[in-house]
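This is what each chain is made of:
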Amino acid sequence: MVVPLRGSLRSRCAARVTAATLRPVASRLPYDKGGVQVARILVEVAMRLCGSRLRGTRVTAVSDDGVVGEWVDATEPGFPDRNVAGEAAGVVLYLHGSAYAICSARTHRGLASRLSREAGLPVFVVEYRLAPEHPFPSAADDIERAYRWLLERGYDPGNIVVAGDSAGGHLALDLVIDNARRSIPQPAAVVLFSPLIDLTFDLAEGRERMRRDPMISAAGARALTALYTTGQEPDIPRLRLAVEAGTVLPPFLVQAGGAEMLVADAEYLRDLVEANAGTCTLEIWPDQMHVFQALDRVSPEAAPALRRAAQFVRSELGLIAVPFGHSASNRNREVMFGFRSTPPPSYGADAVVTGAGSGIGRAFAIELARRGGRVVCADISLERAEETVRLLEGRGYAVQCDVADRSQVEDLALFAELEFGGAPTVVINNAGVGIGGQPVGSIGFDNWNWALGINLWGVIHGCETFVPQLLAAGRGGVINVASAAGFAAAPTMGPYSVGKAGVMSLSETLAAELSGTGVRVSVLCPTFVKTNVAVDGRITAKSSQLAQNLMRWTGFSPERVAVGTLDAFDKGRLYVVPQLDAKAIWLAKRLTPALYARGAGLLNRLMPDEPAPHSQLQSASTTGK
């Protein structure tokens, strides 16, 4: 799993708005019974507004032998997996957070439903007793009771994953330490979102001196948590958690937001587990708030983070290593390990990706590796290709290739066959360059030849070279990367639009010719994607700046485009048009072609006037898109 280097614009804006609105309120509330009631209402409203609950989620209330909570099951038909006794083969025991005083199973239904869907497993959310009505150790006792209740119901401990957020992290660590102390079998794994470990908030205060938490101050959070610990010494074993030498702990996955103060607790927990020879994977997601996984309506990173957690859950349960960006509860995903039928072509693929040194190509390579595949990463820059391979954790091979040179593409095919021990099963013709800013007549033949040599002939070379191999195998397929410019040509982008239109036409022809052969074809037609294509191409200065601004303001991330394209490829879709603006342009041109043409003419008149000759086009040698 590759965590992005920077948070999305939407999540960063959400953090700023939260810091200006929620933090002042949360930090000044009087944390008595009245203040807690107000906080409970505010948090429940915020959770409903900022987090979604999946349709079709089945919620079943439980009150049995002192255990209170609810089953949240958003799995699709045929799931969850069953064992011989008819029970679900795996289950997630979820411990909600919010300082032992605020949240409930109801506030976390949305998060639990999405975790259930992604993991393909039911989730039991414990409704533990809250402070100030029920101080320490009420919550911890309720969690221990719930875990034993699952064991008594016949769940093997190796089929239970404990998950939680915030104060639920403290409860989870307390549970596994107590299990070790009492020789109770440990769960298969622990997954924690923004865990609170240090109830004194000393670690959080240290972090706040570096960066203010957008939700609440360390002092405010300490006051709220003190309602649970009132009358207790902070150093007693079940409050200041310590792991005795020799204690066997389950594997941990910990995710925290880079904007929150509890990132310090997450780092402390990682060090604590590893100091006792345990394993703890820590992911710090830049610019994210506390428990951002619950806030999928304001944080685009919530979904991929939760999918990563689902991948970890199922991997540790031995059910399936769910690839990033996918729900285990879709039958097509299950077949990876011999379930039900053959795997979709993007799973376990032997893939060749051109232009893999950056942008969409790199995102394709990473996603294919996550899905259990091996990837030959080709790029005109060997250094960039090698950078990508280092991200694939032993599942990639780097090779230098200029796709405009047919002989180099043929050498690429030979290289892939030698590395894979056979022909590839998926070929992604992604290498491309940007060119624009000048009208036809001012572009120059050298620039036309350069752009079409890579953007069009590069794809032709890839198809002519690899399609016979795919046909011989009778499986797999080709993904050609075009652009919305291929069906909606814009002014001053002549060579780019012509090349991409050619890629679309080639893909349509290829799809017709390969129909019924078992080899599929998809053509990707995005608008703006956050890559370097506007910088690393031959684009005039003003047009380059305009394109960069549009990418920054409206562009999808390469990772999002790659995941969506591979999903569409698995479903056998020819056209992959990922963005709403691309879909709107597609429809507008087909439904009102005359109006579209007039609009393009108006756009041309509004374009910045750049009378520079073609020799002044910005130039670069990259073919990574």
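Now for a look at the structure at hand. Values in this document were obtained by computation on a predicted structure and should not be read as measured data. (Residues numbered from 1 in each chain as written. Predicted model: local features only at pLDDT ≥ 70, side-chain atom pairs only at ≥ 80, totals over all residues. Heavy atoms only, no water.)

### A word on the packing of helix α15 (residues 457–473) against helix α16 (residues 494–514)
- In contact at an axis separation of 12 Å, α15 and α16 are set at 15° when each is read in the N-to-C sense. Classified by the angle between their axes, α15 and α16 sit roughly parallel to one another. Here α15 runs over α16; the crossing is right-handed. Here α15 contributes Val459, Ile460, Cys463, Val467 and Leu471 to the contact with α16, which in turn contributes Val503, Leu506, Leu510 and Leu514.
- Each residue belonging to the contact of α15 with α16 can be placed in one class, and the counts come to 9 nonpolar, no polar and no charged. (Axes fitted to C-alpha atoms, helices over the stretch in contact; angles between N-to-C directions. Helix = DSSP H or I, 4+ residues; strand = E, 2+ residues; numbered from the N terminus. Parallel < 35°, antiparallel > 145°, perpendicular 65-115°, else oblique. Left-handed = near helix turned anticlockwise from the far one by under 90°. Contact = heavy atoms within 4.5 Å. Nonpolar A, V, L, I, M, F, W, Y, C, P; charged D, E, K, R; others polar.)

### Focus on the packing of aromatic side chains
- The tally for this structure, following the rule as stated, stands at 8 aromatic pairs.
- Both rings, one in Phe136 and one in Tyr228, keep their centres 5.8 Å apart while their planes meet at 85°; by these two values the pair is edge-to-face. Of this pair, Phe136 sits in the loop between β4 (123–126) and α4 (138–152) while Tyr228 sits in helix α7 (residues 218–229); the two residues are 92 residues apart in sequence, bridging distant segments of the chain.
- Residue classification places Phe136 among the buried residues on the basis of a relative accessible area of 14%.
- The class for Tyr228 is buried, based on a relative accessible area of 2%.
- By way of ring pairs, the aromatic residues Trp71, Phe124, Trp149 and Tyr155 are connected into one cluster.
- Sitting above the plane of the Tyr347 ring, Arg371 keeps its charged end 5.2 Å from the centroid.
- Here the basic side chain of Arg520 rests over the ring of Phe569, its NZ or CZ set 5.9 Å away from the ring centre. (Phe/Tyr/Trp six-rings, centres within 6.5 Å; stacked < 30°, edge-to-face > 60°. Buried < 20%, exposed > 50% of the residue type's maximum accessible area, 1.4 Å probe, protein only. Lys NZ or Arg CZ within 6 Å of the ring centre and 35° of its normal.)

### Focus on the pairing of strand β14 (residues 477–481)
- With respect to burial, β14 is a largely interior element, 5 of its 5 residues being buried.
- Neither face of β14 is left uncovered, since the one carrying Gly477, Ile479 and Val481 and the one carrying Val478 and Asn480 both have all their residues buried.
- Of the strand pairs in this sheet, strand β12 (residues 426–429) and β14 are connected by 4 bridges, and their pairing is parallel. Looking across to β14, one finds that Val427 is bridged to Val478.
- Once you follow β14 into α16 and on to strand β15 (residues 520–524), the crossover reads as right-handed. (Pairing = 2+ DSSP bridges. Right-handed = clockwise from strand over helix to strand, strands pointing away.)

### Topic: the environment of Pro526
- Tracing the backbone through its elements, the reader meets Pro526 in the loop between β15 and β16 (538–539).
- Taking the C-alpha atoms as reference points, Pro526 and Ala582, 56 residues apart in sequence, are found 6.4 Å from one another.
- Here Pro526 is in contact with Ala482, Ser483, Ala484, Pro578 and Gln579, once residues within four sequence places are set aside.

### Quick notes on the sheet that holds β12
- The strand order across the open sheet formed by 7 strands is β11-β10-β9-β12-β14-β15-β17, and the pairing between neighbours is parallel. The sheet terminates laterally at β11 (396–400) and β17 (575–576), the two strands that pair on one side only.

### Re the sheet that holds strand β8 (residues 280–285)
- In space, the 8 strands of this open sheet follow the order β1-β2-β4-β3-β5-β6-β7-β8, with mixed pairing throughout. Here the strands that pair on one side only, and so sit at the sheet edges, are β1 (58–64) and β8. Within this sheet the neighbouring strands show an average axis-to-axis angle of 20°, counted without direction.
- The sheet contact formed by strand β2 (residues 67–73) and β4 spans 4 bridges and is antiparallel. Considered in β4, the bridge of Gly69 is made with Val126.
- Helix α3 (residues 109–119) rests against β1, β2, β3 (91–95), β4, β5 (160–165) and β6 (189–193) of the sheet, and its axis sits at about 50° to β2.
- On top of the sheet, helix α9 (residues 302–317) reaches β3, β5, β6, β7 (252–257) and β8; it is set at about 170° to β6, its chief contact.

### A short note on the nonpolar core
- By size, the foremost hydrophobic cluster in this structure holds 69 residues, and its most contacted members are Leu93, Leu173 and Phe252.
- Ignoring anything within four residues of it in the chain, the contact list for Leu173 reads Ile197, Leu241, Phe252, Leu269 and Leu272.
- Counting 45 residues, the second-largest nonpolar core is a separate cluster that includes Val409, Val427, Cys525 and Trp586. (Core = buried A, V, L, I, M, F, W, Y, C linked by side-chain atoms within 4.5 Å.)

### Here we look at the side chain of His290
- Position of His290 relative to the elements: it lies in the loop between β8 and α9.
- The exposure class assigned to His290 is buried, which follows from its relative accessible area of 17%.
- Of the polar contacts made by the side chain of His290, one reaches the side chain of Ser166; its length is 3.0 Å.
- Once residues lying within four places of it in the same chain are set aside, the contact partners of His290 are Ser166, Ser194, Met215, Glu260, Leu262 and Leu295. (Polar contact = N/O pair within 3.5 Å; in protein donor to acceptor, adjacent residues only side chain to side chain.)

### Considerations on a nonpolar patch on the surface
- A grouping of Val25, Val38 and Leu42 is seen on the molecular surface, where their side chains present a nonpolar patch of about 210 Å² in accessible area.
- Take Val38: it is sitting in helix α2 (residues 33–50).
- Looking at Val38, the relative accessible area reads 40%, which means it is partly exposed. (Patch = residues over 30% accessible without salt bridge, like charges linked within 9 Å, V, L, I, M, F, W, Y side chains within 5 Å. Areas by Shrake-Rupley, 256 points an atom, 1.4 Å probe, with all protein chains shown as cover. Salt bridge = Lys/Arg side-chain N within 4 Å of Asp/Glu carboxyl O.)

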